[in-house]
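# Residue-level structural notes
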Amino acid sequence: QVQLVESGGGLVQPGGSLRLSCATSGFTFTSYPMGWYRQAPGKDRELVAIIPNDGSSHTYTDSVKGRFTISRDDVKNTVYLQMNALKPEDSATYYCNRPLGRGTRVLGQFWGKGTLVIVSS
């Protein structure tokens, strides 16, 4: 069965950095693009970034461009999100999943537990 295990979140000061990891299993990782999503309290889930599996360009939501970098390790079946210059508005629970297009739809309806990021002084 599909497993998506996010880690790496925590409390960080504004301007700081975190690297999130998503360890996956239960599917052929190299066959799928992977995405990072986030959801803040009281707000809808939003797409943060997508890394394709075919070498095409990465996708980032405008608010994180220049600060976040998505990457993947196709040997470890893991996707990463390097987050720099963090802002309080980046605070959210972050999830990884298999995107359908460039919106918030994902393959299936399974979500992992996510990892909580709090940006605060």
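Cut-offs and rules
- Throughout this description, residue numbers start from 1 for each chain and increase along the sequence as written.
- Side-chain atom pairs in this predicted model are given and counted only at pLDDT of 80 or more, local residue features only at pLDDT of at least 70, and totals for whole chains, interfaces and linings cover all residues.
- To get the side-chain values, all heavy atoms of the structure are used, and hydrogens and water are removed first.
- Should a side-chain nitrogen of Lys or Arg be within 4 Å of a carboxyl oxygen of Asp or Glu, the pair is scored as a salt bridge.
- Throughout, exposure labels follow a simple rule: accessible area from a 1.4 Å probe, protein chains only, divided by the maximum for the residue type, with under 20% read as buried, over 50% as exposed, and the rest as partly exposed.
- Where helices and strands are cited, they refer to DSSP runs of H or I of at least four residues and of E of at least two residues respectively, numbered from the N terminus.
- Residue contacts follow a heavy-atom distance rule, with two residues in contact if any of their heavy atoms lie within 4.5 Å.
- When DSSP locates at least two bridges between a pair of strands, those strands are taken to pair.
- An axis is simply a line fitted to the C-alpha atoms; with a helix, the fit covers only the stretch in contact. Between two such axes, the angle follows the N-to-C directions and lies from 0 to 180 degrees.

Next up on the list: the pattern of salt bridges. The final tally for this structure, using the stated rule, is 5 salt bridges. Salt-bridge contacts for Glu46 lead to Arg38; the nearest nitrogen and oxygen are separated by 2.7 Å. Using a relative accessible area of 30% as the deciding quantity, one classes Glu46 as partly exposed. Of the charged contacts, one joins Asp74 and Arg72 as a salt bridge, the two residues approaching to 2.8 Å between their closest N and O atoms. Residue class for Arg72 comes out buried when judged on its relative accessible area of 16%. Through salt bridges that share partners, Arg38, Glu46, Arg67 and Asp90 make up one connected network.

Glancing now at the environment of Asp44. Counting through the fold element by element, Asp44 comes out in the loop between strand 4 (34-39) and strand 5 (46-51). Between the alpha carbons of Asp44 and Thr104 there is a distance of 9.6 Å; along the sequence they are 60 residues apart. Not counting residues within four places of it along the chain, the set of residues in contact with Asp44 comprises Arg38 and Gln39.

In this section: the sheet that holds strand 7 (residues 68-73). A sheet is described by the order of its strands in space; here 4 strands give the open sequence 1-3-8-7, paired in antiparallel fashion. Looking along the sheet, the strands with just one partner apiece sit at the ends: strand 1 (3-7) and strand 7. Direction aside, the axes of adjacent strands within the sheet are offset by 15° on average. Taken together, the 6 bridges between strand 7 and strand 8 (residues 78-83) define a ladder with antiparallel strand orientation. The partner of Asp73 across the bridge, within strand 8, is Thr78.

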